Structure formats: structure tokens, C-alpha cells
Amino acid sequence: MTRKKVQILAASVAAVVLWGLVDASAQATPDEVKVDWTKTVITSKSTPTLQVVVNPMLLRGSRLHDGAFKALHDLGADYVRYVPWLPYPRQAVAELDAPADGKTSWDFSHIDPTLDDFMKATEGHSVVLNFSTIPAWMWKTEKPVTFPDDPNQVFWNYTQGTELRDPSMKEVSDYFARLLAWYTKGGFTDEFGKRHESGHHYKVAYWEVLNEIEFEHHWSPEMYTRFYDSVTAAMRRVDPDIKFMAMALAQPSVGSGPEMVEYFLNPANHKPGTPIDFITYHFYATPGPDQTIDNWQYTFFDQANGFLATTRYIETIRKRYNPSVKTDLNELGVILSEDGKEISTPGYVAKPEPAGYWNLAGSMYAYLYMQSALMGIDVLGESQLVGYRSQFPSVSEINYETGEPNARYWVLKLIKDNFGPGDKLVETTSSSGDYAVQAFSTARGKKLFILNRKNREVEASLPADVDGASVTLVAPSTGDGPVATEKIAGHTLRMQPFEVAVVTYR
């Protein structure tokens, strides 16, 4: 090797080392957040809320009942979604046997107590009822569907059949109209003319028509649209003012999802006068079984960005066909692979969620809220109030061991207490890949919404005028406790792993 080549090589090595030092120095310097309070990007429509899925731990006397309903009451959210569903037929279906010989099987004894507690906890706020499970006898099946006598015994195979026995859909439409009358009009008259009194006169603002329709009975776009028109017409005869939500798609980006959205939103495919108030769909991050939380910090947010891309696509369809329709993303969360193993493998005991999981899942919801507010999405529902071993524990907002709210709940409450419709989202720039930040101009002052996406501490250099501002946060240090509040000295914010924070200006 010649002396010249050695000199060139040495210079190259020195340049690489120097660049590495410069790069490391740049990475160590907190990224600067810039805010232009004079430039409004969008005025928010976004309401944060949650769903309540019926299961035995919400029954009176269960160890989670009191804490869960207190947390729900204290949250004070609107658009709370209530779903009695298929794993517990006796808690979800009010007429389990077909009417015959002048007799019916209407029975609300396993349904009403939990719903009554729900309505009491949400009093003064709008609710969305979704009795998502149609009586099995209304479907054509090879043999009658049998299910446990024990109302608390889980049964995953209730929703059989793909063709209703009454092709006119009058039978099923009358069923839903009677459900509505039971809860809003004090009772109903059954198939044989007998009056059933409930004493209920609840205000039900919204009714969602079925759940995850591509999975439960595998509805085609044409069949579901016809069903929706028939059911809503029958229910509007009971309450002309009720509004409806539709579809509740489990996987809006795959299979028939886009086709379902496009067909359903086209007014030409509905009977004249049919109201379409909301469309709804879901997202759960689903990490691989071999991944750890160090992988999840990337997987959750990558998948969230994929869902946000789907949302943008659906928004273009909605605006093209029916711009007056609103959007509720009413199941947002994470389902860990351990949950599925526990359900599908008898005797399997799921591994507990690792330290930091609840903060990570809360940070992801906060990110979805922030990005969806920038898109003009109306409602964002975190899933769900109570999960526990064998019942999707990773989606719970309540610590299923103690009955106290966990970090996911406190993130939701932090957002709900600080942000909502009418806020102005102003121009905010940051090049950081470690955290996400957005400035809000609210009726209660200027605020920065910021979240850490990483499983390590990160720093953010905030605008100089935040000096002395207060920071309200949910982080590993707050555990299952309420939010903590601190003061900023200077304008550098150091965030704990997966921290979610609101900076409120003086």
C-alpha cells in the first residue's frame, strides 16, 4: 500500500469516526418542537371514549364489579358503547327459544342487572347500545344450536348459520324493535299479543346494528344493507329520534371490508329515508407470539400507522358517497397472542403481561387519538373496560387482579379531561421518531399533547414559552394510580418509557 493510499485511508477513517461523533452528538440533543399558534390545521371533532363488553366480571357481586362501574362513572364519557355479545347467550339474547304454541321465551333476568348498572354509571351521557347477537333459532342451521344452562359459562359457537329463516327479515326486525321498546318505552307486546312490562324509560341516543359483520354470520354487503334498512325502520317506529351506527367492521382493510364500506355508504343501495348516522370499525395491534415488548414498541405503532392509512382511505369513500355520515372507531386496543392461546387451548394458562405493557398500550391509543383528531374523526373508543384471564385480559382498562383502573384507563381519562370537540389543532413540527407531539388551543388554554413511543427515556426540547408550565402525565412511575402533575423548569421535557403527557401553558 502506498503512503498516499494510507493517508487517504486514515483520512477516511477519521471522517467516519468524526461523523459518528457528530451523529451521536446530534442524537443526544433533544429534538426541537416548534409550534405556530396562529395557524390552525383543523378544528377537532374527536371525542375519546370506551366500550363496555358484558362478561361475568361485570355482574353484581363479582370482584371487579364495583371498581369497574366506579371508574366508568368517574370517567364521564359520551358515546360509551355497551355490547352484550355471543360468548354468554343468556346475558346477550333476550329470546333464546322460538315462540310456539302461544308461548314465548322472553327473559331479561340475566341481562337487565348489568345494563341497569351501566345506565346508572353513564347517567347524563350519551350511550350506544349494541345487542350484537341475534337469536340462533332465527338462522337456518343443520341442527338446533345448544348452549350452556349456566349464564356464566363461556360458549364461543353460538353464532351459526348464514341465512335467516325469515327472508323478509320482519321476524328479526321485530326482535330488535321489542328490545328497544323494553328499554325505552316501559315494555312491549310479544308475538302472541301479550304485554311485557319493564319499567325502563332510558334515553338511548345510539343503537349500533350488529358487530364485526364479516365474522359473525359472514354478511355480504347486499344482505347487511337490506338488514340494516329493515331493522332501523322497525326501531324508528318505536323511537323516531334514535340514531344508528353501522357495520362495526373487524378488519376494514382486508377481505370484503372496502367493498362493504363502499356499498353501504352509497345512498342508492338503501331504501329512501333510511338514516345513516355513523359508520364504525375496529383496530387491534396484534404482535407476533415470539416478539417481546422490545419488539412491540415498533410493532404497535407500525400497525397503528397501517390502520391510520386504512382510515384515510375509508374517509375518502365516506366523503365521496355520504359526507354527512360520522365515524366512530369504537374498538381500539391490543390483543396479545397469549389471549388467543388461553381461549383456544383448554388448560393453558397465559403468561402475565410484561412490565410496561399497559403504558405502551395506552401510548398507542393516545397516538391514535392524536392522529385521528388531525383527520377529523368523530369518536375514538378504547377497548375495553374489563377483560381478565380467559376473556382477553390484554384489552382491559381495569387491573383484573385488584379492580383498580390501570394505565390504559388513566391515559383515556387524561385525554378526555384535556381534549375534545372544538379544540383547535395548530401547526406543530418535530422530526423526532421517538415521540409524537401536537399542540392544541383549547377553551382552557394552550396545551401540548406528547407521548413517548419508546421503551426508554427520551427528551424533547419544547418551545421556550413553556417554561413554568405544568405537565400532567401517565407513566411507569404512576403505576395504576391517577395522573401525576409536575412543573417544567426550562423547556426540556424528559419522558419516561411510553409516557403520555399534557403540557398546559401558564
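Look up: the structure comes first, before these words.
Since the structure is predicted, the reported quantities are computational estimates derived from the model, not experimental observations.

## Regarding unusual backbone geometry
Item 1. Residues Ser 383 and Gln 384 are joined by a peptide bond in cis, for which omega reads -5°.
Item 2. If you trace the backbone, Gln 384 turns up in the loop between strand E12 (379-383) and helix H11 (407-418).
Item 3. Here the phi dihedral of Leu 210 falls at roughly 70°; this positive angle occurs in a residue that is not glycine.
Item 4. Within the secondary structure, Leu 210 sits in the loop between strand E8 (206-209) and helix H6 (221-238).

## Some remarks on empty space enclosed by the protein
Item 1. All chains considered together, the criterion is met by one cavity of 30 Å³ or more.
Item 2. There is about 40 Å³ of room inside the largest cavity.

## Some details on helix H7 (residues 257-265)
Along an α-helix, residues three or four positions apart point the same way, because every turn accommodates 3.6 residues.
Item 1. Looking at H7, one finds that the buried residues are Gly 257, Met 260, Val 261, Phe 264 and Leu 265. The buried side chains of H7 occupy one side of the element, clustering within an arc of 110° when seen end-on.
Item 2. Packing partners of the buried residues in H7 comprise H6, strand E9 (243-249), strand E10 (278-285) and helix H8 (293-321).

## Observations regarding the layout of surface pockets
Item 1. Approximately 810 Å³ is the volume found for the largest pocket.
Item 2. Lining the largest pocket are 35 residues, and of these Glu 212, Phe 215, Ala 250, Tyr 284 and Ile 335 sit closest to its centre.
Item 3. Within the residue set of the lining of the largest pocket, elements represented by two or more residues are strand E3 (47-53), strand E4 (80-83), E10 and H8.
Item 4. The leading source of residues in the lining of the largest pocket is H8, at four residues.
Item 5. Class assignment of the residues belonging to the lining of the largest pocket gives a composition of 16 nonpolar, 15 polar and four charged.

## What to know about the sheet that holds strand E16 (residues 458-461)
Item 1. Here three strands make up an open sheet; going across it, the order is E1-E16-E19 and the pairing mixed. Taken across any chain shown, the strands that pair with only one partner, and hence form the sheet edges, are strand E1 (31-32) and strand E19 (492-495).
Item 2. Where E1 meets E16, two bridges bridge the pair, whose relative direction is parallel. Opposite Glu 32, over in E16, you have Ser 461 as the bridge partner.

Basis of the calculations
- Residues numbered from 1 in each chain as written.
- Predicted model: local features only at pLDDT ≥ 70, side-chain atom pairs only at ≥ 80, totals over all residues.
- Heavy atoms only, no water.
- Helix = DSSP H or I, 4+ residues; strand = E, 2+ residues; numbered from the N terminus.
- 1 Å grid on protein atoms, 1.4 Å probe; cavity = no way out; pocket = protein on both sides within 12 Å on 5 of 7 lines; lining within 4 Å.
- Points joined across faces, edges and corners; volume = space filled by probe spheres on them.
- Buried < 20%, exposed > 50% of the residue type's maximum accessible area, 1.4 Å probe, protein only.
- Arc of directions from axis to C-beta.
- Contact = heavy atoms within 4.5 Å.
- Nonpolar A, V, L, I, M, F, W, Y, C, P; charged D, E, K, R; others polar.
- Pairing = 2+ DSSP bridges.

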